[in-house]
Amino acid sequence: MTKNIAVIRGDGIGPEIIAEALAVLDKVASKFGHTFNYTEAPMGGEAIDKFDDPLPQSSLDTCLKSDSVLLSAVGGPKWDNVPKEKRPERGLLRLRAGMGLYANLRPATLFDELREASPLKPSIVEKGIDFVVVRELIGGAYFGEHTTTKRDGEDYAQDIMGYSEHEIERIAHVAFQTAQKRRKTVCSVDKANVLDSSKLWRRVVTKIAESYPDVTLSHMYVDNCAMQLVKNPAQFDVIVTENLFGDILSDEASMITGSIGMIPSSSLGEGTRGLYEPIHGSAPDIAGTDAANPIGMILSAAMMLRYSFDMPAEASAIENAVEAVLRDGFRTGDTVSEGKTLLGCRETGKAICAKI
Ligand code: NAD
C-alpha cells in the first residue's frame, strides 16, 4: 500500500523524536511491503520564523491532501511573546479546526515494565491501568468567544463554554464505538450540577447510549473524576468529556501511567484521516541534548497505522517492539531507574527498529 503522510517536525525536541518515528515507519514499510511518502508541513515556531504565520495555508493544504498527519510538538520560549493570533498553539488549534478533528483519543496504559515509574501506590497500580480518554476537541471554552472588557472600573475577562447537540452527539458516538472494541463501559464526565452546557451534555450522551445497548454508561462529575483517577483508575474503560475537562484529565491520566513521554494520541473527524501526536509539548529544557523519550511519538505512528491505515499487524509490530525494548531494560532519562540502562533518543529509536 502507498500512503502519503504530512509531517510536522515541530519545535524543541520535535525534530529529534519525529526522526525516530519516521525511521520506525520506514522499517515497517520495508518489512511489510508498503510505501510511505512524507511531505513536510511547517507549523508552530518553525512556521512563524519562515512565514510569519503559525499555520501557513500551504501547510494546511498539505495536511488536507494527505492520508494522515504526524506531528511532534510545537512552541517554546522563543515565541512566548509573539501576538496572541501568531502564537504556535494557535497554529495547532487552527489545524484541528481546519481538519475538522473533533475527537481526541488518548490511551492511558501502564506498561508492566514501567510500574515503578507510576507515582501511585503499588496497591493501586497492581490492579492495572488501561483506559482511553475521548476528549471533544473543537468546541467548549477553547473555541468560544474570549473577551476582556472593563466592568465597574476594572478589567473583566470571560470565555464562553458552549456546546450544540450535534457536537455532543458525534463525540458520544466515538466514545461508544471505542468502548465496543474494549471492555464496553463509558463514563461520561461533566459538571451537570452547575453548568448548562454540562446538563445538555448529559442529556445528549444518555440519548445516544440507547443506540449502544451492549455498552454500559455511567456519569461522573469532573471533580470526582479527578479524584477517582488517582484513587482507583482500574475502574475506567472509556472516559468521554468536553474539551477543557478533557485537557486537564488526560494530562492527569498520562502522569499516573509513568511518563508524559510515553503517551500517544490520535485526533479524528469524519473519514479516516487523522492527526497523530504525542501528548507532551516541545520540552525546550531538553531540546538538542538527545535526552527526549521518542516512545510517545513512535506509538502515535503506530496508532496512525491502526486507525487511519487499517494496518493492525504493522501497528502491533511497533507496539511489541517498544515493549521488547522496555523488557530488555532500556530507558530514556524520564523513566530510568536503578538497574536499567540509560539510552538517548537516537539509540532508543534504533533499538525499537531493531526489534521490528
Ligand atoms: P512539555 O510537555 O514540553 O514538558 C513538560 C516536562 O516534561 C519537561 O520537563 C520536559 O522535559 C518533559 N518532557 C516532555 N516530553 C518529554 C519527552 N518526550 N521525553 C522526556 N521528557 C519529556 O510541557 P511545557 O514545558 O509546559 O511546554 C513546553 C512548550 O511546549 C511550550 O511552548 C508549550 O506551549 C508547548 N506545548 C506544545 C504542545 C503541543 O504541541 N501539542 C503541548 C503542550 C505544550
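A. Region of interest: the overall build of the chain. Looking only at helices and strands, the chain has twelve helices and 14 strands in total. A principal-axis box enclosing the C-alpha atoms of the chain has dimensions of 60 × 50 × 40 Å. Long-range pairs, those at least 24 residues apart, make up 76% of the contacts in the chain between residues at least 6 apart in sequence. Charge separation in the chain, taken as the distance between the mean sites of 39 positive and 50 negative side-chain charges, equals 3 Å.

B. Structural context of the site of the ligand. Around the ligand lies a shell of 19 residues, among which V74, G281, A283, D285 and N293 are the nearest. G76 places a polar main-chain atom, nitrogen or oxygen, 2.9 Å from an oxygen atom of the ligand. A distance of 3.0 Å separates an oxygen atom of the ligand from a polar backbone atom of S282. If the ligand stood free it would expose 810 Å²; the protein chains cover 66% of that surface.

C. Molecular detail of the nonpolar core. Counting residues in hydrophobic clusters, the biggest one holds 45 residues, and the most contacted among them are L25, L70 and L305. For this core, the elements supplying multiple residues, two or more each, are strand 1 (2-8), helix 1 (14-32), helix 10 (295-307), helix 11 (312-327) and helix 12 (345-355). When residues in this core are grouped by element, the largest group, nine residues, is from helix 10. When residues no more than four places from it in sequence are discounted, the contact partners of L305 are L25, V28, F36, D310, M311, E314, A315 and I318. Formed by 25 residues, the second largest nonpolar core is a distinct cluster that contains L105, Y163, I171 and A172.

D. How the structure looks around the sheet that holds strand 5 (residues 130-136). If you walk across this open sheet you meet the ten strands as 2-1-3-12-11-4-5-10-8-9, and the pairing is mixed. Taken across any chain shown, the strands that pair with only one partner, and hence form the sheet edges, are strand 2 (35-40) and strand 9 (216-221). This sheet shows a mean twist of 25° between the axes of neighbouring strands, independent of strand direction. Running at roughly 150° to strand 12 (residues 274-278), helix 4 (residues 88-98) makes contact with strand 1, strand 3 (68-71), strand 5 and strand 12 of the sheet.

E. The domain arrangement of the chain, seen in detail. You can read the domains of the chain as domain 1 (1-108 + 257-356) and domain 2 (119-256). Computed over C-alpha atoms, the centres of domain 1 and domain 2 are 24 Å apart. Contact residues are listed per partner, giving 19 residues for domain 1 and 21 residues for domain 2. Looking at the side of domain 1 facing domain 2, the largest losses of area belong to Y102, R106 and A108, adding up to 37% of the total buried there.

F. Spotlight on the side chain of S188. Along the chain, S188 falls in strand 8 (residues 185-190). Overall, S188 belongs to the buried group, its relative accessible area being 0%. Setting aside its immediate chain neighbours within four residues, S188 contacts W201, V205, L217, S218, H219, M220 and V240.

G. View of helix 11. A rise of 1.5 Å per residue sets the reference length of helix 11, with its 16 residues, at 22 Å; its end C-alpha atoms lie 22 Å apart and thus fit the reference within 8%. Among all positions of helix 11, only E314, A315, A317, I318, A321, V322, A324, V325 and L326 are buried. Buried-residue contacts for helix 11 involve helix 1, helix 10, strand 13 (330-331) and helix 12.

What counts and what doesn't
- Numbering of residues starts from 1 in every chain and runs along the sequence as written.
- Confidence filtering applies because this is a predicted model: local features only for residues at pLDDT of at least 70, side-chain atom pairs given and counted only at 80 or more, and all residues used for totals across whole chains, interfaces and linings.
- The side-chain quantities take in all heavy atoms of the structure and omit both hydrogens and water.
- For the purposes of this entry, the term helix denotes a DSSP run of H or I that reaches at least four residues, the term strand denotes a run of E that reaches at least two, and both are numbered from the N terminus.
- Note on contacts: a residue pair qualifies if any of its non-hydrogen atoms lie within 4.5 Å across the two residues.
- Just so you know, the count uses Lys and Arg for positive and Asp and Glu for negative, and it drops His and the chain ends.
- The atoms used to mark charge sites are NZ of Lys, CZ of Arg, CG of Asp and CD of Glu.
- What makes a residue near a molecule or strand is one non-hydrogen atom of that residue sitting within 4 Å of it.
- Each polar contact in these results corresponds to two N or O atoms within 3.5 Å; when the atoms are within protein, one needs to be able to donate a hydrogen and the other to accept it, and residues that are neighboring in sequence are counted only if both atoms are side-chain atoms.
- Accessible surface area values rest on a Shrake-Rupley calculation with a 1.4 Å probe, where residue burial reflects the displayed protein chains alone.
- Put simply, a nonpolar core is a bunch of buried Ala, Val, Leu, Ile, Met, Phe, Trp, Tyr and Cys residues held in one set by side-chain atoms that sit within 4.5 Å of each other.
- Accessibility here uses a 1.4 Å probe with only protein chains present; expressed as a share of the type maximum, an area under 20% marks a residue as buried, one over 50% as exposed, and anything in between as partly exposed.
- A pair of strands is considered paired only if DSSP assigns at least 2 bridges between the two.
- A fitted line through C-alpha atoms serves as each axis, taken over the contacting stretch for helices, and the angle formed by two N-to-C directions is quoted from 0 to 180°.
- For the domain bounds, the source is a domain assignment made automatically or taken from a database.
- Summed over both partners, buried area is the accessible surface (1.4 Å probe) that two parts give up on being assembled.
- Every helix has an expected span of 1.5 Å times one less than the residues it contains.

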